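As a plain string of letters, each chain reads:
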Amino acid sequence: MSGVSVSKGPEGATRSADDLVVLSEVNKHFGALHVLQDVDLTITRGEVVVVIGPSGSGKSTLCRTINRLESIDSGTITIDGKPLPAEGKELARLRSDVGMVFQSFNLFAHKTVLENVMLGQIKVRKTEKKAAEAKARALLDRVGVGTQADKYPAQLSGGQQQRVAIARALAMDPKVMLFDEPTSALDPEMINEVLEVMQQLARDGMTMVVVTHEMGFARSAANRVVFMADGRIVEQASPEEFFSNPRSDRAKDFLSKILHH
Amino acid sequence: MFDFLDSGQYDLLGAFWVTAKLTFFSAIGSLIWGTALVTMRVSPVPMMRAFGTVYVNVVRNTPLTVVIVACLMCLNQTLLVSLGGKGSEDIGFRLAILGLVAYTGTFVCEALRSGINTVPPGQAEAARALGLSFFQVLTLVVLPQAFRSAVTPLANVLIALTKNTTVAAAISAAEAASLMKKMIEFEADALFAVFAVFAFGFMVLTLPTGLLLGWAAKRLAVKR
């Protein structure tokens, strides 16, 4: 790519202005458990990175460290060139640029669907109420739940709730979207409606980090597959390469368990 | 049997009106003070958390009579705080509200804290992920849901508060219990009737509170 400045980082790693999220030598412990071990990961603008791996491999934790819902013990995380700030106003500002979609949706239970999508715009972005509502309605239409705008989250199906959650994150115009197992809590027939919305987002050029067990989605939408096991990134490759020709034994073992039965 | 009520010598309605006013102002005050206390107890600042915890545990475990009498003796008679009141009844009334708020606030705080515990952690996480500040997360997402699930325990606190106002008689606020003392003295032949009248009076105040808030608890419950 032309016009991209390339500079040497302090550790000798090559950094480019196109790197949106950079994790370097990230370590994290939960008590005695070393959940993230020297994790290095760079996500460039517009890239869709799918993180897969067995349960307890640290993939959700990795996802949650990127907007500091989990703090890290050592290493650095930068987003768009800026290191993650400690708690406070700076961190809140940074989080508003990072969209997050949770496994359990976490829509605000006491607010309507429309209010859920308007809240961040009004309180964080200080958008006018009318403009916020128009944008919220447009986003809800985009994810296919426009007709449910005035209902409460509990009145929606899981798939609808998750699509609202995606709209809520998109309303902040995030630079990057984090998906933490977005379809794991869904009934099978609702998974596709959520994946389709995510596919569309990927096609529109959104930078995405997706922790998932949906191998079909990884194959079709990912630019890169990151395979984690025991707190380490064991392997990363393009989806075709990873699924047809995994290099590590750990990945071969994992794939043999999920793909053949 | 109840003819002492017709003598015109006792202002029963007036006394219960003072009780109602005491309850009302103390309830508003404790709700505000209790919310402030719970904000401290869940805040990320260790100093605030420590203050909240110590305050709640000290005041909650002090008898209300001690709190109220201390308001009069220490604040008014020693430090000359009168809160703008004129005359002993008025000063007693104002100081009683202060004492009741200081005391009841701790129970409101703990009721709200149990309400906060019913809000799934994911709610606050989602709010933080949007970029809301600690205070916004608390006031826009967590507390509104906590209040709704704390209506029933808050109703208990409010009923207890209504009855606790009787302690204000100890510092000469002219509420129901101080009138009762007077009646017991002068109507000793109708003791049972006197007690019945006051028990009934308090039930008139507290029963509707309980029913109304019970209904509100159902209406306001957050569906998950």
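Throughout, a residue's number is its position along its own chain's written sequence, starting from 1. Here the convention is simple: chains get letters from A, ligands get numbers from 1, in the order in which they are written. Only residues with pLDDT of 70 or above have their local features reported here, since the model is predicted, and side-chain atom pairs are shown and tallied only from 80 upward, although totals for entire chains, interfaces and linings are computed over all residues. Hydrogens and waters are ignored; side-chain quantities use all the structure's heavy atoms.

Under an unreviewed UniProt entry, the name given to chain B is Glutamate ABC transporter permease, and the source organism is Streptomyces gardneri. UniProt positions are given in the numbering used here, feature names are shortened, and annotations may be inferred rather than shown by experiment. One UniProt comment on chain B, placed under Subcellular location (unreviewed entry), says "Cell membrane". UniProt, in the comment section headed Sequence similarities (unreviewed entry), describes chain B in these words: "Belongs to the binding-protein-dependent transport system permease family. HisMQ subfamily."

Per an unreviewed UniProt entry, chain A carries the name ABC-type polar-amino-acid transporter and comes from Streptomyces gardneri. UniProt's Subcellular location (unreviewed entry) comment on chain A is quoted here verbatim: "Cell membrane". The Sequence similarities (unreviewed entry) comment attached to chain A in UniProt states, word for word, "Belongs to the ABC transporter superfamily."

## Regarding unusual backbone geometry
Residues and elements named next belong to chain A. Notably, phenylalanine 105 is not glycine yet its phi reads approximately 65°, a positive angle. You can see phenylalanine 105 is positioned in the loop between strand E8 (98-101) and helix H3 (113-123). Only protein chains enter the calculation, and the probe is 1.4 Å; a residue is then buried if its accessible area is under 20% of its type maximum, exposed if over 50%, and partly exposed in between. Owing to a relative accessible area of 10%, phenylalanine 105 belongs among the buried residues under this scheme. Backbone geometry at aspartate 173 places phi at a positive 50°, although glycine is not the residue there. Put simply, DSSP marks the helices as runs of H or I at least four residues long and the strands as runs of E at least two long, and each gets a number from the N terminus on.

## Remarks on the side chain of Ser57(A)
Mapped onto the secondary structure, Ser57(A) falls in the loop between strand E5 (48-52) and helix H1 (59-65). Residues contacting Ser57(A), with those up to four places away along its chain left out, are Val35(A), Met228(A), Ala229(A), Asp230(A), Gly231(A) and Arg232(A). Whether two residues touch is decided by their heavy atoms; if any such pair falls within 4.5 Å, the residues are in contact.

## Remarks on the interface of chain B and chain A
Listed as interface residues are 19 residues of chain B and, on the opposing side, 24 residues of chain A. The contact between chain B and chain A buries some 1,800 Å² in all, and 63% of this surface belongs to carbon and sulfur atoms. In what follows, salt bridge is the name for a side-chain nitrogen of Lys or Arg lying within 4 Å of a carboxyl oxygen of Asp or Glu. Linking chain B with chain A are one salt bridge. A salt bridge links Glu125(B) to Arg64(A), with the shortest nitrogen-to-oxygen separation between them at 2.6 Å. Identification of polar contacts relies on pairs of N or O atoms within 3.5 Å, with a donor-acceptor requirement for protein atoms, meaning one able to donate a hydrogen and the other able to accept it, and with residues adjacent in sequence counted only if both atoms are side-chain atoms. Linking chain B to chain A there are seven residue pairs in polar contact (both at pLDDT 80 or more). Those elements that provide at least two residues to the side of chain B that touches chain A are helix H5 (121-129) and helix H6 (134-149) of chain B. Broken down by element, the residue count for the side of chain B that touches chain A peaks at seven residues, all from H5(B). Looking at the side of chain B that touches chain A residue by residue, the class counts come to nine nonpolar, five polar and five charged. Defined here as a combined quantity, buried area equals the accessible surface (1.4 Å probe) lost by two parts on assembly, summed across both. Here the nonpolar group is Ala, Val, Leu, Ile, Met, Phe, Trp, Tyr, Cys and Pro; Asp, Glu, Lys and Arg are the charged ones; every other residue, Gly included, is treated as polar.

## Observations concerning the sheet that holds strand E4 (residues 33-44) of chain A
Residues and elements named next belong to chain A. Following DSSP output, two strands are said to pair if at least two bridges run between them. Here we have four strands laid out as an open sheet, ordered E4-E3-E6-E7, and antiparallel in their pairing. Each of the sheet's edge strands pairs with one partner strand only, and the pair in question is E4 and strand E7 (82-83). Sheet topology note: the strand E6 (residues 74-79)/E7 ladder contains two bridges and is antiparallel. Each bridged residue has a counterpart across the sheet, and for isoleucine 79 the counterpart in E7 is lysine 82.

## Things to note about the UniProt feature "domain: ABC transporter" (unreviewed entry) in chain A
Sites flagged by UniProt as "domain: ABC transporter" (unreviewed entry) map to residues 21-255 of chain A. The span residues 21-255 of chain A shows a helical share of 38% and a strand share of 26%, and its end C-alpha atoms are spaced 27 Å apart.

## Some thoughts on empty space enclosed by the protein
A cavity, in this analysis, means grid points on a 1 Å lattice covering only the protein atoms where a 1.4 Å probe fits yet has no way out; a pocket is instead an open set bounded by protein on both sides within 12 Å along at least five of seven lines, and a residue lines either one if it has an atom within 4 Å of a point. Grid points are joined across faces, edges and corners, and a volume is the space filled by probe spheres set on the points. A full pass over the atoms with the stated rule returns one cavity of 30 Å³ or more. If you add up the space inside the largest cavity, you get close to 70 Å³. The wall of the largest cavity is formed by 13 residues, among which Gly99(A), Met100(A), Ala169(A), Ala129(B) and Leu130(B) lie closest to the centre. Among the elements of the structure, helix H2 (89-96), E8 and helix H5 (158-170) of chain A together with H5 of chain B are those that each provide at least two residues to the lining of the largest cavity. A breakdown of the residues in the lining of the largest cavity according to their chemical character gives nine nonpolar, two polar and two charged.

## Observations regarding the confidence of the model for chain A
Confidence in the prediction of chain A, expressed as mean pLDDT, is 89, and 93% of residues score 70 or more. Within a predicted model, pLDDT stands for the predictor's per-residue confidence, ranging from 0 to 100. Below pLDDT 50 for its whole length, residues 1-13 of chain A participates in 18 contacts with residues either more than four positions away or in separate chains.

## Notes on the layout of surface pockets
Taken as a whole, the largest pocket spans an internal volume of roughly 590 Å³. Within the residue set of the lining of the largest pocket, elements represented by two or more residues are H2 of chain A together with H5 and H6 of chain B. Sorting elements by how many residues they give to the lining of the largest pocket places H6(B) first, with five residues. Here the lining of the largest pocket is composed, by residue class, of 15 nonpolar, two polar and five charged. As a volume, the second largest pocket reaches approximately 230 Å³. Surrounding the second largest pocket, 14 residues form its lining, Ala27(B), Leu31(B), Leu154(B), Leu158(B) and Leu213(B) being those nearest its centre. Sorting the residues of the lining of the second largest pocket by element identifies helix H1 (12-42), helix H4 (87-117) and helix H7 (151-164) of chain B as the ones contributing at least two each. Here the lining of the second largest pocket takes six residues from H7(B), the largest share from any one element. Its residues assigned to classes, the lining of the second largest pocket comprises twelve nonpolar, two polar and no charged.

## Points about the packing of aromatic side chains
Only rings of Phe, Tyr and Trp enter the pairing, Trp through its six-membered ring, and a pair is recorded when the two centres are within 6.5 Å. The plane angle decides the type: under 30 degrees is stacked, over 60 is edge-to-face, the rest tilted. All told, the structure shown has nine aromatic pairs over all chains when counted by the stated rule. Between the aromatic rings of Phe24(B) and Phe25(B), the centroid separation amounts to 5.4 Å while the plane-to-plane angle is 75°, which identifies the pairing as edge-to-face. Taking relative accessible area as the criterion, Phe25(B) reaches 41% and is therefore assigned partly exposed. Between Tyr103(B) and Phe107(B), the ring centres sit 5.2 Å apart and the planes meet at 55°, which makes this aromatic pair tilted. Here Tyr103(B) and its partner Phe107(B) are both found in helix H4, four residues apart, which amounts to about one turn of the helix. For Tyr103(B), a relative accessible area of 12% puts it in the buried group. Should the NZ of a Lys or the CZ of an Arg lie within 6 Å of a ring centre and within 35 degrees of the ring normal, that charge is described as sitting over the ring. Taking the ring centre of Phe108(A) as reference, the NZ or CZ of Arg168(A) above it sits at 4.6 Å. Lys21(B) extends its terminal NZ or CZ atom over the ring of Phe93(B), reaching a point 5.9 Å from the ring centre.

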